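Chain and residue survey
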Amino acid sequence: MLDADFFRRWMTATAASVEHEAERLTALDSPIGDADHGSNLQRGFRAVATALEKEEPGTPGAVLMLAGRTLISTVGGASGPLYGTLLRRTGKALGDAAEVDEAEFAQALRTGVDAVVQLGGAAPGDKTMIDALLPAVDALGRSFAAARSAAEEGALATTPLQARKGRASYLGERSIGHQDPGATSSAILIAALAETAGE
Amino acid sequence: MSDLVDGGTVEDEGGAKLVGVVLVSHSAAVASAVAELATGLAGGGTLAPVAAAGGDGDGGLGTSSELISVAAAAVDRGAGVAVLTDLGSAVLTVKALLAEGDELPPDTRLVDAPFVEGAVAAVVTASAGADLAAVEAAAAEAYTYRKV
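Conventions adopted
- Just so you know, the residues in each chain are numbered from 1, in the order the chain's sequence is written.
- Chain letters start at A and ligand numbers start at 1, both assigned in the order the entries are written.
- Where totals are concerned, whole chains, interfaces and linings use all residues; where local detail is concerned, this predicted model gives features only for residues with pLDDT of at least 70, and gives and counts side-chain atom pairs only at 80 or more.
- The side-chain values count all of the structure's non-hydrogen atoms but skip hydrogen atoms and water molecules.
- Secondary structure elements are defined from DSSP: runs of H or I of at least 4 residues count as helices, runs of E of at least 2 residues count as strands, and each element is numbered from the N terminus.
- Relative accessibility thresholds used throughout: buried, under 20% of the residue-type maximum; exposed, over 50%; partly exposed, between the two (1.4 Å probe, protein chains only).
- In what follows, a contact means two residues having at least one pair of non-hydrogen atoms within 4.5 Å.
- Residue-level accessible areas treat just the shown protein chains as cover; the underlying method is Shrake-Rupley with a 1.4 Å probe.
- In this tally, Lys and Arg are treated as positive and Asp and Glu as negative; His is ignored, and so are the chain termini.
- The atom standing in for a charge is NZ when the residue is Lys, CZ when it is Arg, CG when it is Asp and CD when it is Glu.
- To qualify as a nonpolar core, a set must consist of buried Ala, Val, Leu, Ile, Met, Phe, Trp, Tyr and Cys residues joined through side-chain atoms within 4.5 Å.
- Buried and open spaces are told apart on a 1 Å grid over the protein atoms alone, a cavity being a set of points where a 1.4 Å probe fits but cannot get out and a pocket being an open set with protein on both sides within 12 Å along at least five of seven lines. Residues with an atom within 4 Å of a point are the lining residues.
- Grid points are joined across faces, edges and corners, and a volume is the space filled by probe spheres set on the points.
- Just so you know the grouping, Ala, Val, Leu, Ile, Met, Phe, Trp, Tyr, Cys and Pro go in nonpolar, Asp, Glu, Lys and Arg go in charged, and all remaining residues, Gly too, go in polar.
- The criterion for strand pairing is that DSSP finds at least two bridges linking the strands in question.
- Only C-alpha atoms enter the line fits that serve as axes; for helices the fit covers just the stretch in contact. Angles between N-to-C directions range over 0 to 180 degrees.
- Exposure above 30% relative accessible area and the lack of any salt bridge qualify a residue for a patch; like charges then connect within 9 Å, and the nonpolar side chains Val, Leu, Ile, Met, Phe, Trp and Tyr within 5 Å.
- When a carboxyl oxygen of Asp or Glu lies within 4 Å of a side-chain nitrogen of Lys or Arg, that pair is called a salt bridge.
- UniProt positions are given in the numbering used here, feature names are shortened, and annotations may be inferred rather than shown by experiment.
- Buried area: the accessible area, evaluated with a 1.4 Å probe, that two parts lose upon being put together, summed over both parts.
- The term polar contact refers here to a pair of N or O atoms within 3.5 Å; inside protein, the definition further demands a hydrogen-donor-capable atom paired with an acceptor-capable atom, and it admits residues adjacent in sequence only when both atoms are side-chain atoms.

Going by the annotation in an unreviewed UniProt entry, the name recorded for chain A is Dihydroxyacetone kinase subunit L, with Streptomyces liliiviolaceus given as the source organism.

Quick look at the structure:
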């Protein structure tokens, strides 16, 4: 079973990974974006870590909803509302249960990913975070480790794609050959999840 | 007649319940300049309340959910608020705030319209006393105006 502490540790692990990978994310965002993905997520997840310490939410749903809301209000770029919506909707789907099992969490995360699809309008293959998140959610039914591998493979597989959403879409064919920063940060989020689960 | 509210221009309409207009751009300069343009072209009589929510709140390019919430509250006169945005995170942040349910005044709508032309249409229509649906329709109609 997964409790509030598990989800706090997931968010803290994500914040640490984003801190570690911020420069790489911003480097990926330089050729096809506006070179702020790493610094934006860094600001957002630092605020998440602070908010979780201060407010100490007591259920899995409350942890993720607070994290999502904090990202929406602090990131300043498109990744704020997108990741914010992912975590908020996932948290909302978990309700006020004190503990959730892995199947319930997988189902809730799918609800969150669906909400991101609805918000951003991206389909698989559009070279976005969806290309890492959808395979991860599909694999989460097997294990956290499988979800991590699926997200990483999904992020790598964005390299040959042409962007059809966001700032990178204006580049047309010139977006080909670059790994998508949003899919990469999504893989970081899922890797932190597997790490938290000890897988 | 004109006050500055959080970097945006708010024209006070003096009691009438007019639709408010919020202009959200990645750039504070763009948002406030478009507000100035729209209120200037709407000028003459009563002006609908207009507020600019531009930039990331720290002087950089980006979107601030805080600035958007403050701007929407500032122009809310109980007749609804029309929000126009430029692109990317501006659109997504407004949508996410609307999904929160309690971050924006009741009857706040993200209007699908070109930013500059839509802002002029929205402010002129709102200043004429039209309701939110009419303001939204006028702003959206700006998409059909071909220049060539």
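**Description of the overall build of chain A**
Secondary structure summary: chain A contains 8 helices and 2 strands in total. Along chain A, helices (α) and strands (β) appear in the sequence β-α-α-α-α-β-α-α-α-α when read from the amino end. For chain A, the residues scored as buried account for 55% of the 199 residues in total. Considering only residue pairs separated by 6 or more positions, chain A has 68% of its internal contacts joining residues 24 or more positions apart. Carbon and sulfur atoms form 50% of the exposed surface of chain A, whose accessible area is close to 8,200 Å². Computing the positive centroid from 18 side-chain charges and the negative centroid from 26, chain A places the two 6 Å apart.

**With respect to the overall build of chain B**
Helix and strand counts for chain B come out as 5 helices and 6 strands. Order of helices (α) and strands (β) in chain B, N terminus to C terminus: β-β-β-α-β-α-β-α-β-α-α. Within the span of chain B, comprising 148 residues, buried residues form 52% of the whole. In chain B, once contacts between residues fewer than 6 apart in sequence are set aside, the share between residues at least 24 apart is 77%. Carbon and sulfur atoms provide 54% of the accessible area of chain B, an area that totals close to 6,300 Å².

**Comments concerning the environment of K17 of chain B**
All names here are of chain B. Mapped onto the elements of the fold, K17 is located in the loop between β2 (8-11) and β3 (20-25). K17 sits 63 residues away from G80 along the chain, and the two C-alpha atoms are 9.0 Å apart. Discounting chain neighbours no more than four positions away, the residues touching K17 are R77 and A79.

**Overview of the nonpolar core**
Residues and elements named next belong to chain A. Membership of the largest hydrophobic core comes to 55 residues, with the highest contact counts inside it found for F7, W10, M11, F45 and F105. The element that contributes the greatest number of residues to this core is helix α1 (residues 4-32), accounting for 9 residues. Aside from chain neighbours lying at most four places away, what touches F45 is M11, T14, A15, V18, L71 and L189.

**Examining the layout of surface pockets**
Put simply, the largest pocket is a space of about 1,100 Å³. Of all elements in the fold, only α1, α2 (37-55), α4 (79-94), α5 (102-120) and α8 (181-196) of chain A together with α3 (89-100) of chain B reach the threshold of two or more residues within the lining of the largest pocket. Of the residues that constitute the lining of the largest pocket, the class distribution is 19 nonpolar, 15 polar and 10 charged. Forming the boundary of the second largest pocket are T85, D86, V91, L110, V111, D112, A113, P114, F115 and Y143 of chain B.

**Observations regarding empty space enclosed by the protein**
Residue and element names in this part refer to chain A. All told, the structure shown has 1 cavity of 30 Å³ or more when counted by the stated rule. A volume near 30 Å³ is recorded for the largest cavity. Around the largest cavity, the lining residues are T14, V18, L41, F45, Y83, S185 and L189. Looking at the lining of the largest cavity, the elements that each hand over two or more residues are α1, α2 and α8. Counted by class, the lining of the largest cavity contains 5 nonpolar, 2 polar and no charged residues.

**Let's talk about the sheet that holds strand β4 (residues 50-54) of chain B**
Hydrogen bonding along the main chain pairs the strands of a sheet, whether they run parallel or antiparallel. Residue and element names in this part refer to chain B. What the 4 strands build is an open sheet, ordered β4-β3-β5-β6; its pairing is parallel. Taken across any chain shown, the strands that pair with only one partner, and hence form the sheet edges, are β4 and β6 (108-110). Ignoring which end each strand starts from, the neighbouring axes of this sheet average 20 degrees apart. In this sheet, strand β5 (residues 81-85) lies alongside β3 in parallel orientation, the contact comprising 5 bridges. Pairing of V24 across the sheet is with T85, part of β5. Strands in contact with helix α1 (residues 28-42) are β3 and β4; relative to β4, the strand with the most contacts, it is inclined by about 160 degrees. Of the strands in this sheet, β3, β4 and β5 are in contact with helix α2 (residues 65-75), which crosses β4 at around 180 degrees.

**Points about a nonpolar patch on the surface**
Residue and element names in this part refer to chain B. A contiguous nonpolar surface patch, about 250 Å² in accessible area, is contributed by L37, L41 and V116. Position of L37 among the secondary structure elements: in helix α1. On the accessibility criterion, L37 (38% relative accessible area) is partly exposed.

**Some points on the UniProt feature "domain: DhaL" (unreviewed entry) in chain A**
In the numbering used here, UniProt assigns the feature "domain: DhaL" (unreviewed entry) to residues 5-195 of chain A. Within residues 5-195 of chain A, the helical portion is 71% and the strand portion 1%, while the C-alpha atoms at the span's ends are 14 Å from each other.

**Digging into the interface of chain A and chain B**
The interface of chain A with chain B comprises 14 residues on the first partner and 13 residues on the second. Between chain A and chain B, a total of about 1,100 Å² is buried, with carbon and sulfur atoms accounting for 54% of that surface. Contact with chain B buries surface across chain A, with I72, G76 and L119 of chain A losing the most and accounting together for 39% of the total. In this structure, the connection of chain A to chain B is made through 3 salt bridges. Here E100 of chain B makes a salt bridge to R88 of chain A, at a shortest N to O gap of 2.9 Å. Linking chain A to chain B there are 3 residue pairs in polar contact (both at pLDDT 80 or more). Of all elements in the fold, only α3 (60-74), α4 and α5 of chain A reach the threshold of two or more residues within the side of chain A that touches chain B.

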